[in-house]
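Breakdown of the fold
Letter by letter, the chains look like this.
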Amino acid sequence: MKKASWFLLLLFTLSFLSVQTPVIAYAQDYEPSVGQQGKDVIWVPTPDVLIEAMLDAAKLTQEDFLIDLGSGDGRIVIAAARRGSRALGIEYNPEMVKLSQRNAEKEFVVDRASFVQGDIFESDFSQASVITMYLLPNLNLKLRPTLLDLKPGTRIVSHAFTMGEWEADQTIHKEGRTAYLWIVPAKVDGIWEWREGSETVSLRLTQEFQKIDGELTIKGNTYPIFNVELTGDTIHFAWGKQEYSGKISSNGIRGMVQTINREIEWAASRALQAEK
C-alpha cells in the first residue's frame, strides 16, 4: 500500500505539471513580431549598432536620465542602463512592458532600467536629460511643442524621422540607418540689457528654434552682431572686437566678455519680450 500511494502521488504531480507548464511558458515567452500593430505605430526595433551610435551622439553619461518614448522590447533603455545611466521606457503595450522588464532582469540592470505602461502623449518626461524615440513624422511634430519646453540642453535623438522645420543639430549615419540629434535651445527671443561703464547696452534677439540673430544698440547707434550661436543654454556672439559668451537662465545671462587684451565678467537681464 505504501508503494502504491507514492506511485499515485507521483502520477498526480506529473499530470498537474503537464497541465500547468504551458500556461506558465506562454506568460513568460511572449515574443513580439516585427511589424505588429501598436497604438500609433507598428513595432520595428532599432538595430543595436544604431542604438550605440545614438547614445554616443547624445553623449550619454552616468549622470543622465534617459527616457525612451515607445520603448518596445526595452533595448534602448537597457543599452543606456548598461552604460550606467538611469533609464525609463514608456510603452503602451503591457505585454511589451513585461517583456522589457524580463529583458532587463536578464541583463542585470533592473536597478537602473525601469518600464511603465502609458501613453507618451499623456506622460510627463520633463525630468529627462536625454529623450530617444522611433516614431512617425506626424507624431514627432505632435510632440515637438512639449519637447521644446524641456530644460534647455536636453538631448533628443530620433531614429529615422525629423522634426519638420526644427533642423537637427547632428545627423547620424550607421550601416544604412539614419538618426537625428537635437539639443533643446533656451528661449532667448526678446530684449536683453546690461551696463558698460555709464552706458546701457540693449541687445535684441530674434529666434527660430536654435537659430538666432540680433542687433545691439549703444549710445543710440545700432549694430549687427555676428558669430551668433545658441547651444542649449549657452550663447555666444560678437560685436566689434568683443566676444560675448554666457549661460542663460529664465531672465538672465551671465558669462564673460573677451576684449583685445582682457576678459571681464558680463551679466545681462531680460528687459522685454520681443513682439510676435
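First, a word on what this report is: a plain description of the structure on this page. Everything numeric here is computed off the predicted structure, so don't read it as measured data.

Thoughts on the packing of aromatic side chains
- Here the structure, examined in full by the defined rule, presents ten aromatic pairs.
- Ring centres of Trp-166 and Phe-209 lie 6.0 Å apart, and the angle between their planes is 10°; this geometry places the pair in the stacked category. Taken together, the residues Trp-166 in the loop between β5 (155–159) and β6 (170–174) and Phe-209 in the loop between β9 (199–208) and β10 (211–218) connect sequence positions 43 residues apart.
- Grouped by ring-pair contacts, the aromatic residues Trp-166, Tyr-180, Trp-182 and Phe-209 constitute a single cluster.
- The ring of Phe-65 has Arg-86 lying over it, and the distance from NZ or CZ to the ring centre is 4.5 Å.

Brief notes about the nonpolar core
- In this structure, Leu-55, Leu-66, Ala-113, Phe-115, Val-157 and Ile-172 are the most contacted members of the largest nonpolar core, which totals 26 residues.
- Put simply, the parts of the chain that give this core at least two residues each are α2 (48–57), α3 (75–82), α4 (94–106), β3 (113–117) and β7 (177–183).
- Setting aside anything within four residues of it in sequence, one finds Ala-113 in contact with Val-77, Ala-81, Ala-87 and Ala-104.
- Grouped together as the second largest cluster of nonpolar side chains are 23 residues, Leu-143, Leu-147, Tyr-180 and Val-184 included.

Let's talk about the pairing of strand β14 (residues 242–248)
- With six bridges joining them, strand β13 (residues 234–239) and β14 adopt antiparallel strand pairing. Looking across to β14, one finds that Ala-238 is bridged to Glu-243.
- With six bridges joining them, β14 and strand β15 (residues 252–258) adopt antiparallel strand pairing. The residue of β15 that forms the bridge with Gly-246 is Gly-255.
- Count of turn residues in the β14/β15 antiparallel hairpin: three residues.

Let's talk about α4
- The end-to-end C-alpha distance of α4 is 19 Å, a good match for the 18 Å that 13 residues give at a rise of 1.5 Å each.
- Turning to α4, its buried residues are Met-96, Val-97, Leu-99, Ser-100, Arg-102 and Ala-104.
- Between a side-chain oxygen at the N-terminus of α4 and the backbone nitrogen of Glu-95 the separation is 2.8 Å; the capping residue is Asn-93.
- Phe-108 sits one or two positions beyond α4 and adopts a positive phi of about 60°.

Considering the sheet that holds β5
- Spatially, the seven strands line up as an open sheet ordered β3-β2-β1-β4-β5-β7-β6, and their pairing is mixed. Only two strands of the sheet have a single partner each, and these edge strands are β3 and β6. Strand-to-strand twist in this sheet, taken as the mean axis angle between neighbours without regard to direction, amounts to 20°.
- Strand direction decides the pairing type here: strand β4 (residues 130–133) and β5, joined by four bridges, are parallel. Along β5, the bridge assignment pairs Val-130 with Arg-155.
- Along the sheet, α2 contacts β1 (65–69), β5, β6 and β7; its crossing angle with β6, the most-contacted strand, is approximately 155°.

With respect to the environment of Asp-64
- Counting through the fold element by element, Asp-64 comes out in the loop between α2 and β1.
- Put simply, Asp-64 and Gly-84 are 20 residues apart on the chain and 8.9 Å apart in space, counted from C-alpha to C-alpha.
- Excluding anything up to four places from it in sequence, Asp-64 contacts Lys-59, Ser-85, Arg-86, Ser-129, Val-130 and Arg-155.
- Polar side-chain contacts of Asp-64 include one of 2.8 Å to the backbone nitrogen of Thr-61.

Quick word on the pattern of salt bridges
- Within the structure shown, the criterion is met by eleven salt bridges.
- Ionic pairing is found between Arg-75 and Asp-48, a salt bridge with its closest N-O pair at 3.9 Å. Here Arg-75 is found in helix α3, whereas its partner Asp-48 is found in helix α2, with 27 residues between them in sequence.
- By relative accessible area, which is 28% here, Arg-75 ends up partly exposed.
- Salt bridges linked by common partners bring Asp-48, Asp-73 and Arg-75 together as one network.

What counts and how
- Residues numbered from 1 in each chain as written.
- Predicted model: local features only at pLDDT ≥ 70, side-chain atom pairs only at ≥ 80, totals over all residues.
- Heavy atoms only, no water.
- Phe/Tyr/Trp six-rings, centres within 6.5 Å; stacked < 30°, edge-to-face > 60°.
- Helix = DSSP H or I, 4+ residues; strand = E, 2+ residues; numbered from the N terminus.
- Lys NZ or Arg CZ within 6 Å of the ring centre and 35° of its normal.
- Core = buried A, V, L, I, M, F, W, Y, C linked by side-chain atoms within 4.5 Å.
- Buried < 20%, exposed > 50% of the residue type's maximum accessible area, 1.4 Å probe, protein only.
- Contact = heavy atoms within 4.5 Å.
- Pairing = 2+ DSSP bridges.
- Expected span 1.5 Å × (residues − 1).
- Polar contact = N/O pair within 3.5 Å; in protein donor to acceptor, adjacent residues only side chain to side chain.
- Axes fitted to C-alpha atoms, helices over the stretch in contact; angles between N-to-C directions.
- Salt bridge = Lys/Arg side-chain N within 4 Å of Asp/Glu carboxyl O.

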